[in-house]
Amino acid sequence: MSAASCLRSEDQFLCSICLDVFTDPVTTPCGHNFCKNCITEHWNSNDQYLCPMCKEVFNTRPELHVNTLLSEMVSQFRQEAQQKASSSSSEQQAAKPGEVPCDVCTGTKLKALKSCLVCLTSYCETHLEPHLTASGLKRHQLMDPVENLEDRMCMKHDKPLELFCKTDQTCVCMLCSVLDHKTHEFVPLKEEYEGKKAELGKTEAEIQQMIQKRRLKIQEIKQSVDLSKEDADREKAEGVQVFTALKESVERSLNELIETIEEKQRATEKQAEDFIKELEQEISDLMKTSSEVKQLSRSEDHLHLLQNVSSLKAAPPTKDWTEVSVRPPSYEGTVVRTVTQLEETLSKEMKKLLAEVELKRVQRYAVDVTLDPNTANPWLILSDDGKQVNHGDVKKNLPDNPERFTRYVNVLGKQSFSSGRFYFEVQVKGKTDWDLGVARELINRKGELTLRPLDGYWTIWLRNGNEYKALAGPSVRLSLQSQPQKVGVFVDYEEGLVSFYDVDAAAHIYSFPGCSFTEKLYPYFNPFLNKGGKNSAPLIICPVNQTE
C-alpha cells in the first residue's frame, strides 16, 4: 500500500483492481474509476466487458478517456503524500531495542516502517519512499518490519523462498523445485499460506469453542456449588429450627421436673415449720405453768397454797405428739416418669417438626396446574381459569374425544411431567367426598376403572365425610388427627415417590414409595357426586404459599 495509507483520503484515490494510487485514472460509463492499464488488461483477459465494481455488462467496449479532474487530484495527493513523508522524516525515532532498524540508514538507525520481501531490506519512512513512487518498485511486496530477512533466502541457492514443497512440508526456492525437489508437488507460498491460515482459523474456532465449553462448565460447576451452598444453608437452618425446638422442649421438661421436686420440698419445709411453731408455743405455755407451780410450791402460807392449788391441777391444752412426724416426700420414679413423658412429647414434636420441614422442602417444587377441559367428564363444571371443578346437575353435550373420561367424573391437569419433581395444592374444604392424586398418560378413560397403581393411579380419597383411604390396591385406611382443608400432592419422578400432605396441619398423610414411572404423569381430580348439595363445594387448585 502507498505512503498515503496514513492520510484520511487514501481510499478515494485507490484503484480497486491494483489497490494502488491511480495511474492515468479513467471513468467507465457506470461511473467507476480505474487505472487505464488496469481496466484495459482486465477487459483484455475476459470475454465480457463488465465493470469490476458493480458488474454492469457493456455490449461494446467503452471508449476510455483519462479523467482530467481526478488525475489532477491524484497528482496533488501524491505531492502532499511526498511532502508529508519528507516532513515526518525529521520526526522519526531511532530504533529502540527490540524494534527493527532501517537497513539503509547510516549513523543513527531509524525505526523501520516496512520490510520488502523482494529486496530483503527493511526501510524507514524516508528510505521507503522509492517503493511508493517508483513504478518498478511499487510492485514489490511490502510487509510490517521483520528482522532476519536473510532467513527468507534459500541457504543453498541464495534465492528467495517462493514455493512450498507439499511433499517435504518445507519452503523452497525456484532452483530447489527443479533440482533437489524436482519430483515433488509445489504450490506458491501464498496458496499454502491461505490454506494454513484457513486451517489455523478452523483450529482457532475449535479452540474458542473448547474454551467456551469449559467456561460454561465452570459456570455450571459454580452454579452447582451455589445451589449446594443454598441447600446446605437451608438444611442447617432447618436443623437449627428442629433441634432448637427439641432443646426447648427438653429444657421445659427439666424445669418442670425441678419445679415439681422443689414444690414437694417446700411443702415438707412448711409442714415442719408449722409443727415446730406449734411445739414451741406449747413449750412456752408449759414453761409458764411450771413457773407458777414452782412459785406456789415454795409458799409457806397454808391457806394460800390450798386456795390456789386447784387452779393449777388442769395442765394447759396440749397435743399428743406421739404419732406426729415429718416424713420426707418420696421422689422415687419422678425422673423416670418425667423422662418417659419427655420421650413421648419429643416423639410427637419430632414427627410434627419433621413433617413441617418435609412440607417446606416439597413446596419448593410447586408448579402451576390448570384443569384440562378436553379430559373432563360431561357432568363436570370447570371454572374459566381452569382452577376449580365440581359436579353439575346437567350433563353437557361434549365430543367424545379419546382423552375424555366418560363413565367417572374425573378430570386431569393440562400439564404433564416426565422427569424431576413437582408439587401442587388443592382445597377440599366443605366437601364430603373427593379423589386426588396423579395418573399416567395411557389410563383407561372410557369404561370401568380401578384406582390403584397397577392401573396407573396413585390417589387418596375421602368418602362420607370421615373415611380416608389410600388406594394402594388393596386400599389402606388412614387415621388422621384432623380433617384436611387443603391437600398437597408431591411427586419425585426419578425416585418413584408420590406423597400427600395436610397443608394447614403441616402433616404427612400417606406416601406411595418405590413406584416405577415410564409414562407422562398428569394431576388427577375427582370432585365426586353432589349428593343432593351436601358435596357441592368445588375442588380448588390453590397457589402455594410456603409454610413459615
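Parameters and conventions
- Numbering of residues starts from 1 in every chain and runs along the sequence as written.
- Reporting of local features is limited, given that this is a predicted model, to residues whose pLDDT is at least 70; pairs of side-chain atoms are given and counted only at 80 or more, and all residues count toward the totals for whole chains, interfaces and linings.
- Side-chain numbers come from the whole structure's heavy atoms, not from hydrogens or water.
- For this analysis, a nonpolar core means a set of buried residues of the types Ala, Val, Leu, Ile, Met, Phe, Trp, Tyr and Cys, connected via side-chain atoms within 4.5 Å.
- For every residue, the accessible area (1.4 Å probe, protein chains only) is compared with the maximum for its type, and the residue is labelled buried under 20%, exposed over 50%, or partly exposed between those bounds.
- Helix and strand definitions here come from DSSP, where helices need a minimum of 4 consecutive H or I residues and strands a minimum of 2 consecutive E residues; each element is numbered from the N-terminal end.
- Every axis corresponds to a line fitted to the C-alpha atoms, with the helix fit spanning only the stretch in contact, and the corresponding angles, defined between N-to-C directions, vary from 0 to 180 degrees.
- Each angle gets one of four labels, with under 35 degrees taken as roughly parallel, over 145 as roughly antiparallel, 65 to 115 as roughly perpendicular, and the rest as oblique.
- Each crossing gets its hand from how the near helix is turned against the far one by less than a right angle, where anticlockwise is left-handed and clockwise is right-handed.
- Three classes are used, and their members are as follows: Ala, Val, Leu, Ile, Met, Phe, Trp, Tyr, Cys and Pro are nonpolar, Asp, Glu, Lys and Arg are charged, and the others, Gly among them, are polar.
- We call Phe, Tyr and Trp rings a pair once their centres come within 6.5 Å, taking the six-membered ring for Trp, and we label the pair stacked below 30 degrees between planes, edge-to-face above 60, and tilted otherwise.
- Disulfides are defined in this document as cysteine sulfur pairs within 2.5 Å.
- At least two DSSP bridges between two strands are needed for those strands to be called paired.
- Each salt bridge in this description consists of a side-chain nitrogen of Lys or Arg and a carboxyl oxygen of Asp or Glu lying within 4 Å of one another.

S.K.: Summarise the nonpolar core; cite the residues concerned and give the values.
M.R.: In this structure, W434 and F525 are the most contacted members of the largest nonpolar core, which totals 36 residues. Among the nonpolar cores identified, the runner-up in size contains 17 residues, and F13, V21, F22 and L70 belong to it.

S.K.: Now, about unusual backbone geometry: what can you tell me, with residues and values included?
M.R.: Residue P474 is bonded to the preceding G473 through a cis peptide linkage, with omega at 10°. Phi angles above zero are rare outside glycine, and K55 is one such case at about 65°. Positionally, K55 belongs in the loop between β3 (49-50) and β4 (57-58). For K55, a relative accessible area of 53% gives the class exposed. Here K531, not a glycine, exhibits a phi torsion of approximately 55°, which is positive. Tracing the backbone through its elements, the reader meets K531 in the loop between β22 (521-526) and β23 (539-542).

S.K.: I'd like to hear about the packing of helix α5 (residues 189-297) against helix α7 (residues 334-363), residue by residue, with values.
M.R.: Running from amino to carboxyl end, α5 crosses α7 at an angle of 160°, the nearest separation of the two axes being 10 Å. In terms of orientation, α5 and α7 fall into the roughly antiparallel class. Along this stretch, α5 crosses α7, giving a crossing that reads as right-handed. Class assignment for the residues of the contact of α5 with α7 results in 12 nonpolar, 6 polar and 8 charged.

S.K.: Explain the packing of aromatic side chains residue by residue, including any values.
M.R.: Applying the stated criterion across every chain yields a total of 13 aromatic pairs. Centre to centre, the rings of F424 and F525 are 5.9 Å apart; their planes meet at 55°, and the pair counts as tilted. Within this pair, whereas F424 is found in strand β14 (residues 421-427), its partner F525 is found in strand β22, the two being separated by 101 residues in sequence. By relative accessible area, which is 1% here, F525 ends up buried. Measuring from ring centre to ring centre gives 6.2 Å for F500 and F512, while their planes differ by 70°; the resulting arrangement is edge-to-face. Here F500, found in strand β20 (residues 497-502), pairs with F512, found in strand β21 (residues 507-512); they are 12 residues apart in sequence, far enough to count as distant.

S.K.: Break down the state of the cysteines for me, with residues and values.
M.R.: Overall, the coordinates contain 0 disulfides when judged by the stated rule. Note on C165: no disulfide assigned, nearest cysteine sulfur contributed by C176 at a separation of 9.1 Å. For C165, a relative accessible area of 0% corresponds to the buried category. In this model C176 remains outside any disulfide bridge; the closest cysteine sulfur is found in C173, 3.5 Å from its own. Owing to a relative accessible area of 5%, C176 belongs among the buried residues under this scheme.

S.K.: Tell me about the sheet that holds strand β7 (residues 142-143), residues and numbers included.
M.R.: Pairing is antiparallel in the open sheet, where 3 strands are placed in the order β6-β5-β7. Each edge of the open sheet carries a strand with a single partner, namely β6 (121-123) and β7. Both strand β5 (residues 114-116) and β6 contribute to a ladder of 3 bridges, which runs antiparallel. For C116, the partnering residue across the bridge sits in β6 and is T121.

S.K.: I'd like to hear about the pairing of strand β15 (residues 434-440), residue by residue, with values.
M.R.: Most of β15 sits inside the fold, with 6 of its 7 residues counted as buried. Both β15 and β22 contribute to a ladder of 6 bridges, which runs antiparallel. Pairing of L436 across the sheet is with F525, part of β22.

S.K.: Pulling in residues and values, what's your account of the pattern of salt bridges?
M.R.: Inspection of the entire model under this criterion finds 25 salt bridges. For E99, the salt bridge identified is with K111, shortest N-O distance 3.9 Å. With E99 in the loop between α2 (68-89) and β5 and K111 in the loop between α2 and β5, the pair connects residues that are 12 residues apart, well separated along the chain. Relative accessible area serves as the criterion here: at 25%, E99 is assigned to the partly exposed category. Via salt bridges that share partners, K166, E192, K196 and E199 belong to a single interconnected network.

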